[in-house]
Amino acid sequence: MMAADNLRPAPAGATPKAGSAGEATPRVPLLALDYLWFQVAGTVCNLRCTHCFISCAPDNHSFWFLDLDTVGAYLDESKSWGVKEYYFTGGEPFMNKDLPTMLERTLAIGPASVLTNATLLPEKTVRRLAEIDAGSPFSLELRVSLDGPSADTNDPIRGTGTFERTLQGVQRLVEYGFLPIITAAQVWCPQEDGKVYQQFVDALHRVGYGRPRIKILPSLHIGREADRSRSYSDEERVTSAMMEDFDASQLLCSSARIVTDRGVYVCPILIDHADARLGADLEEAARPYALGHHACYTCWMNGAICTNFSGIGLER
Amino acid sequence: MSAEPETYTRIAAFGGVYSNHYALRAVIEDARQRGAEAVFCLGDLGAFGPHPDRVFPILVENDVGTIRGNYDDSIARGLDDCQCGYTDPRDNHFAHISYRYTFDNTSQTWRDWLGELPEQLHIRLGDRRTLLCHGSPRSVNEFLWESTTPTHFLEKLCDDYDADVVLCTHTGLHWSRKLSGGRLFANVGAIGRPANDGCTDVWYTMLSAAGGSVRVEFVPIAYNFEAFAQEMVDEGLPDQFVETIVTGWWTTCNEVLPFKERRRGKF
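Note that this is a predicted model, so its numbers are computed, not measured.

Participant: Requested: an account of the interface of chain B and chain A, with residues and values cited.
Facilitator: In this complex, chain B contributes 32 residues to the contact, which on the side of chain A involves 34 residues. Across the chain B/chain A interface, buried area totals approximately 2,500 Å², and carbon plus sulfur atoms make up 52% of it. Together, B:P89, B:H152 and B:F259 form the three largest contributors to the area buried by chain B at its contact with chain A, with a combined 27%. If you look at where chain B meets chain A, you find four salt bridges. Summed over the shared surface of chain B and chain A, the number is 17 residue pairs in polar contact (both at pLDDT 80 or more). Elements represented by at least two residues in the side of chain B that touches chain A include exactly α4 (89-104), α6 (151-160) and α9 (259-264) of chain B. The biggest single contributor to the side of chain B that touches chain A is α9(B), with five residues. The residue inventory of the side of chain B that touches chain A, partitioned by class, reads 10 nonpolar, nine polar and 13 charged.

Here is the structure:
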């Protein structure tokens, strides 16, 4: 019923125009605020991955950390919105020293997922996470980024030594009972999907992760990734025709918003774009969003890629 | 608006039959013995098991109030897959085998019957407005797991859909949560395969009007799982499916399980 709103033309001048014909950019309404994201470490990361779609780095201070009170206030407010799941991202979330406390508060009311590179997980931190998990009926998901099944394939993207350090983090999480979701951007040839997937499984088995959970994401050709691989072509845009008979609930922007230190944005992918800032608070940010960016095309192709249980369907 | 909902004081409900006609018969018999005035099936009649056409007459003959799950919808409409949304290659492989077998062995008569099933049912348990659905009141293929479903989310579902009690299935794992004002949410579980707990029993749900609220009771059922497993072998279904029936552990399609539910299982 609400999906019909997708095709309502955007107000003149409010959004970028798509395609050479200049047709109105399709808009996606917020059907329900199921997923509340926190840009908890801003754009600050201890790594400088060559495919990062928001160019995070130790010296990228475009977005700064969220503090405990801010997160707490949004958690309180989120109840009346009926939020279903909470996600914490950055940058590297564990650079924010308050993250464990934020997770503890979150897990008192619902499930939490952390998108991490697992290189900042000393035993003390993992033990704390295990205690937080044990105290909650809800799931604490650790989503660990790894972009190749070996140092040779991963490190050119994520940095020298990161394969080893990340696997150490994974091993520690597994030792404390977690089943981290290994998240890889598809930086290899799709024809190699089956082989690479098996190599991931083998590498994870070697560090004692006997039943690995693996999620493969399409790469997003913005930020640093535009230089590493390619940028989007003009044709890679979402048009109104493409939204006909399309289930808009497949798109993250129909069910999520992300809180940053500079306001509430439509999704974690587009925070570098001014038009993706929808307001100062959830109320303002609940308005529809026009799919004017090339990256929207990737989500249209693949669905809500940022949630835990979706990704590219791999051919065997 | 449709007619005034039927009122009951004691019902049985389950989902996920997965072609398990042995468990279906055992559950219906047990529910009658426990005084169920009506029995409801919340969908996903096929998948996984052998001879899908065998469950439909049992449901009809026993007047089981049945709603359409995502699997039933796919079979009825001749879709390419079960709409479970798997991306893991191994899960997709087995989901495909299961779906092709079920589709090829469901006769046109029963495909048509599936297509006519309602998506939701409204009844009253005592004076409590009770909504029966497959995944959630808002989506046939939404997974409501215990460890990823906040209480405030369930409260909002009840508010949004004018229900005091919401019953669903789809995940295959039973659980319930008491809500404000005597309201209740219950995932009634699945009877087609065990609950990933290392035991061969399957689970269904009894619900009783009690004072101003509704009492929920999860009931384990032992049934002739050996005969069912043998039928699966005879039909050439994957060993991995048979293993689940005889061990109680889920061996496939585990990808969608959240961390806490996944950790409780073996695979």
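The rest of the description comes next.
Participant: Any chance you could break down the sheet that holds strand β3 (residues 38-41) of chain B for me, citing the residues and the numbers?
Facilitator: Residues and elements named next belong to chain B. Here we have five strands laid out as an open sheet, ordered β4-β3-β2-β10-β11, and mixed in their pairing. The sheet is open, and its two borders are formed by β4 (65-66) and β11 (213-221), each paired with just one other strand. Two strands pair when backbone bridges link them, and β3 and β4 are joined in this way by two bridges, in the parallel orientation. Within the sheet, the bridge partner assigned to F40 lies in β4 and is G65. Against the sheet, helix α1 (residues 21-33) touches β2 (10-14), β3, β10 (202-210) and β11, its axis set at about 25 degrees to β10.

Participant: Could you give an account of the side chain of B:H170, naming the residues involved and the relevant values?
Facilitator: Residues and elements named next belong to chain B. Mapped onto the elements of the fold, H170 is located in the loop between β7 (165-168) and β8 (175-178). A relative accessible area of 6% places H170 in the buried class. Side-chain polar atoms of H170 contact the side chain of N70, separated by 3.1 Å. In terms of polar contacts, H170 uses its side chain to reach the side chain of H134, at 3.1 Å. Apart from the residues within four sequence positions on either side, H170 is in contact with D44, N70, H134, G135, V140, N141, E142 and F143.

Participant: Outline helix α6 (residues 193-206) of chain A, supporting the account with residue identities and numerical values.
Facilitator: Compared with the 20 Å implied by 1.5 Å per residue over 14 residues, the 20 Å span of α6(A) between its first and last C-alpha is a close match. The complete set of buried residues in α6(A) reads A:D193, A:V196, A:Y197, A:F200, A:V201, A:A203 and A:L204. One side of α6(A) carries all its buried residues, which in axial view fall inside an arc of 165 degrees. Each element contacted by the buried residues of α6(A) is listed here: α5 (162-175), β6 (181-185) and β7 (213-217) of chain A together with α4 of chain B. The first or second residue beyond α6(A) is A:G208, which carries a positive phi of 90 degrees.

Participant: Could you give an account of the packing of aromatic side chains, naming the residues involved and the relevant values?
Facilitator: Following the criterion strictly, the structure yields 22 aromatic pairs over all chains and no others. Relative to B:F48, the ring of B:Y18 lies with its centre 6.4 Å away and its plane at 65 degrees, an arrangement referred to as edge-to-face. In this pair, B:Y18 sits in the loop between β2 and α1 while B:F48 sits in the loop between β3 and α2 (55-61), placing the two residues 30 residues apart along the sequence. By relative accessible area, which is 10% here, B:Y18 ends up buried. Within the aromatic cluster, the residues linked to one another by ring pairs are B:Y18, B:F48, B:F94 and B:F241. Lying over the aromatic face of A:F63, A:R262 brings its terminal NZ or CZ to 4.5 Å of the ring centre. We note B:R193 situated over the ring of B:W250; from NZ or CZ to the ring centre the distance is 4.0 Å.

Participant: Please give an account of the pairing of strand β5 (residues 140-145) of chain A that cites residues and values.
Facilitator: Residue and element names in this part refer to chain A. Counted residue by residue, β5 has five buried out of six residues, so it is predominantly covered. Pairing of strand β4 (residues 112-116) with β5 involves five bridges; the strand directions are parallel. Pairing of A112 across the sheet is with L140, part of β5. As paired elements, β5 and β6 share three bridges and run parallel to each other. Following the sheet pairing, V144 is matched in β6 by I182.

The rules behind the values
- Residues numbered from 1 in each chain as written.
- Chains lettered and ligands numbered in written order.
- Predicted model: local features only at pLDDT ≥ 70, side-chain atom pairs only at ≥ 80, totals over all residues.
- Heavy atoms only, no water.
- Contact = heavy atoms within 4.5 Å.
- Buried area = accessible area lost by both parts, 1.4 Å probe.
- Salt bridge = Lys/Arg side-chain N within 4 Å of Asp/Glu carboxyl O.
- Polar contact = N/O pair within 3.5 Å; in protein donor to acceptor, adjacent residues only side chain to side chain.
- Helix = DSSP H or I, 4+ residues; strand = E, 2+ residues; numbered from the N terminus.
- Nonpolar A, V, L, I, M, F, W, Y, C, P; charged D, E, K, R; others polar.
- Pairing = 2+ DSSP bridges.
- Axes fitted to C-alpha atoms, helices over the stretch in contact; angles between N-to-C directions.
- Buried < 20%, exposed > 50% of the residue type's maximum accessible area, 1.4 Å probe, protein only.
- Expected span 1.5 Å × (residues − 1).
- Arc of directions from axis to C-beta.
- Phe/Tyr/Trp six-rings, centres within 6.5 Å; stacked < 30°, edge-to-face > 60°.
- Lys NZ or Arg CZ within 6 Å of the ring centre and 35° of its normal.

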